[in-house]
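# Geometric and topological summary
Below are the chains, spelled out letter by letter.
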Amino acid sequence: GPKVLQIPSHQIIDMGQMVTLNCDPVSNHLYFYWYKQILGQQMEFLVNFYNGKVMEKSKLFKDQFSVERPDGSYFTLKIQPTALEDSAVYFCASSLTDRASDYTFGSGTRLLVI
Amino acid sequence: AQSVTQPDARVTVSEGASLQLRCKYSYSGTPYLFWYVQYQRQGLQLLLKYYSGDPVVQGVNGFEAEFSKSDSSFHLRKASVHWSDSAVYFCAASIPTGGYKVVFGSGTRLLVSP
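Note that the structure is predicted; figures quoted are calculated from it, not measured.

With that out of the way, let us pick up the layout of surface pockets. Empty space among the atoms becomes apparent when a probe as large as a water molecule is rolled across them. Taken as a whole, the largest pocket spans an internal volume of roughly 730 Å³. Along the walls of the largest pocket sit 29 residues, with Gln 37 and Leu 39 of chain A together with Gln 38, Val 88 and Arg 109 of chain B positioned nearest its centre. At the level of secondary structure, the elements contributing two or more residues to the lining of the largest pocket comprise β9 (88-95) and β11 (109-113) of chain A together with β10 (87-94) and β12 (108-113) of chain B. Grouping the constituent residues of the lining of the largest pocket by class yields 11 nonpolar, 14 polar and four charged. A volume near 380 Å³ is recorded for the second largest pocket. Taken together, 18 residues form the lining of the second largest pocket, with Pro 2, Thr 104 and Phe 105 of chain A together with Leu 44 and Gln 45 of chain B sitting closest to its centre. For the lining of the second largest pocket, the secondary structure elements donating two or more residues are β10 (104-105) of chain A together with β6 (44-50) of chain B. If one sorts the elements of the lining of the second largest pocket by residue count, β6 of chain B sits on top with three residues.

Right, here's the structure in full:
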């Protein structure tokens, strides 16, 4: 079936540097999401994005985080500057509707901040 | 606040044995309920979902789940597990009036031993 691609699959970055996580959603999907999963813990909602705008964000979505999808290209999560506690696996998801059963998840980007 | 609890962090069963993974939710109404599976280094895949109607829902690969309003539960079951079922299973919920995000449980790691 259609897939959500996340690039890169792994990223190691020095604390304080900027990182951009890229998500190539399913082509006709309209809703986009980022989730964060710290090793061994549950996936936690970060943000959702629709029609060029952030619809909702959680308290985990710090001021250092931003999302965008310029010109229908990648849906990106930028962290600037990064902190040690940002180390996690970040999952992107997209959906055609806002129904959770329509979500298609990517395989995640494993981010390590050192 | 809406929450999902999976009380068992790890479950080990023998191949061919039956399985039940527990999930309880906290919400005053009836949320949409889901079970996802995460194989190693992959994204989440939807196993099954419950919106309304028959409390027993069938999913892929012989999995089923039963919704219980009185118990606020949505336990996952399989009659006979296979070694390839070894993965992390996440229970999740989304309230019907706000479909923009999904709340996940902490996950249960299933190990099927030969």
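Text resumes after the structure shown.
For the rest of this paragraph, the subject is unusual backbone geometry. Geometrically, the link from Ile 7 of chain A to Pro 8 of chain A is a cis peptide bond, its omega value of -5 degrees lying close to zero. Summarising the element assignment, Pro 8 of chain A is placed in the loop between β1 (5-7) and β2 (10-13). For Asn 51 of chain A, which is not glycine, the phi torsion reads 55 degrees and is therefore positive. Within the fold, Asn 51 of chain A resides in the loop between β5 (43-50) and β6 (53-57). Although it is not a glycine, Asn 61 of chain B sits at a positive phi angle of roughly 55 degrees. Structurally, Asn 61 of chain B is set in the loop between β7 (56-58) and β8 (63-68). The class for Asn 61 of chain B is exposed, based on a relative accessible area of 52%.

Let's shift gears to the interface of chain A and chain B. Of the residues lining the interface, 21 residues belong to chain A; the matching set on chain B comes to 20 residues. Carbon and sulfur atoms supply 55% of the area that chain A and chain B bury against each other, a total of about 1800 Å² over both sides. It is Gln 42, Ser 101 and Phe 105 of chain A that lose the most area in chain A upon contact with chain B, and together they represent 26% of the buried surface on that side. The interface formed by chain A and chain B holds zero salt bridges in total. For the interface between chain A and chain B, the tally reads two residue pairs in polar contact (both at pLDDT 80 or more). No other element matches the four residues that strand β4 (residues 31-37) of chain A contributes to the side of chain A that touches chain B. Each residue belonging to the side of chain A that touches chain B can be placed in one class, and the counts come to 10 nonpolar, seven polar and four charged.

What follows is about the environment of Met 43 of chain A. As for its placement among the helices and strands, Met 43 of chain A is situated in strand β5. In sequence terms Met 43 of chain A and Ala 88 of chain A are 45 residues apart; their C-alpha atoms lie 9.9 Å from each other. In contact with Met 43 of chain A, not counting residues within four places along its chain, are Tyr 35, Lys 36, Gln 37, Phe 91 and Phe 105 of chain A together with Leu 44, Phe 90 and Phe 104 of chain B.

What follows concerns the state of the cysteines. Residue and element names in this part refer to chain A. Considering all chains together, one arrives at two disulfides over all chains under this definition. The partner cysteine of Cys 23 in its disulfide is Cys 92, sulfur to sulfur 1.9 Å. Because the sign of the S-S torsion sets the handedness, a value of about -65 degrees for the bond joining Cys 23 and Cys 92 places this disulfide among the left-handed ones. With Cys 23 in strand β3 (residues 19-24) and Cys 92 in strand β9, this pair connects stretches of sequence that are 69 residues apart.

All names here are of chain B. A complete count under the given rule lists six salt bridges over all chains for this structure. The partner of Asp 71 in a salt bridge is Lys 24, with the nearest N and O atoms 3.3 Å apart. Of the two residues, Asp 71 sits in the loop between β8 and β9 (73-78) while Lys 24 sits in strand β4 (residues 24-26), which places them 47 residues apart along the sequence. Across the pair Arg 77 and Glu 66 runs a salt bridge, and its minimum N-O distance is 2.8 Å. Residue Arg 77 is found in strand β9, and its partner Glu 66 is found in strand β8; the two are separated by 11 residues along the sequence.

Calculation notes
- Position numbers for residues start from 1 in each chain and track the written sequence from start to end.
- Each chain is given a letter, starting from A, and each ligand a number, starting from 1, according to the order in which they appear as written.
- Owing to the predicted nature of the model, reporting of local features is limited to residues with pLDDT of at least 70; listing and counting of side-chain atom pairs is limited to 80 or more, with chain, interface and lining totals taken over all residues.
- The basis for the side-chain values is all heavy atoms of the structure; hydrogens and waters are excluded.
- Using protein atoms alone on a 1 Å grid, points that fit a 1.4 Å probe yet trap it form a cavity, whereas open point sets bounded by protein on both sides within 12 Å along at least five of seven lines form a pocket; residues with an atom within 4 Å of a point count as lining.
- Grid points are joined across faces, edges and corners, and a volume is the space filled by probe spheres set on the points.
- Each helix is a run of H or I in the DSSP string that is no shorter than four residues. Each strand is a run of E no shorter than two, and both are numbered from the N terminus.
- Think of it as three bins: nonpolar holds Ala, Val, Leu, Ile, Met, Phe, Trp, Tyr, Cys and Pro, charged holds Asp, Glu, Lys and Arg, and polar takes everything else, Gly as well.
- Relative accessibility decides the category of a residue: with a 1.4 Å probe and only protein chains considered, values under 20% of the type maximum give buried, values over 50% give exposed, and everything between is partly exposed.
- It only takes one pair of heavy atoms within 4.5 Å for two residues to be counted as in contact.
- When two parts are brought into contact, each loses some accessible area as probed by a 1.4 Å sphere; the total of that loss over both is the buried area.
- Salt bridges are defined as contacts in which a side-chain nitrogen from Lys or Arg sits within 4 Å of a carboxyl oxygen from Asp or Glu.
- Here a polar contact means two N or O atoms within 3.5 Å. Within protein one must be a hydrogen donor candidate and the other an acceptor candidate, and residues neighboring in sequence count only if both atoms are side-chain atoms.
- The term disulfide is used for any two cysteine sulfur atoms that are within 2.5 Å.

Any link to function would need more than the numbers given here.
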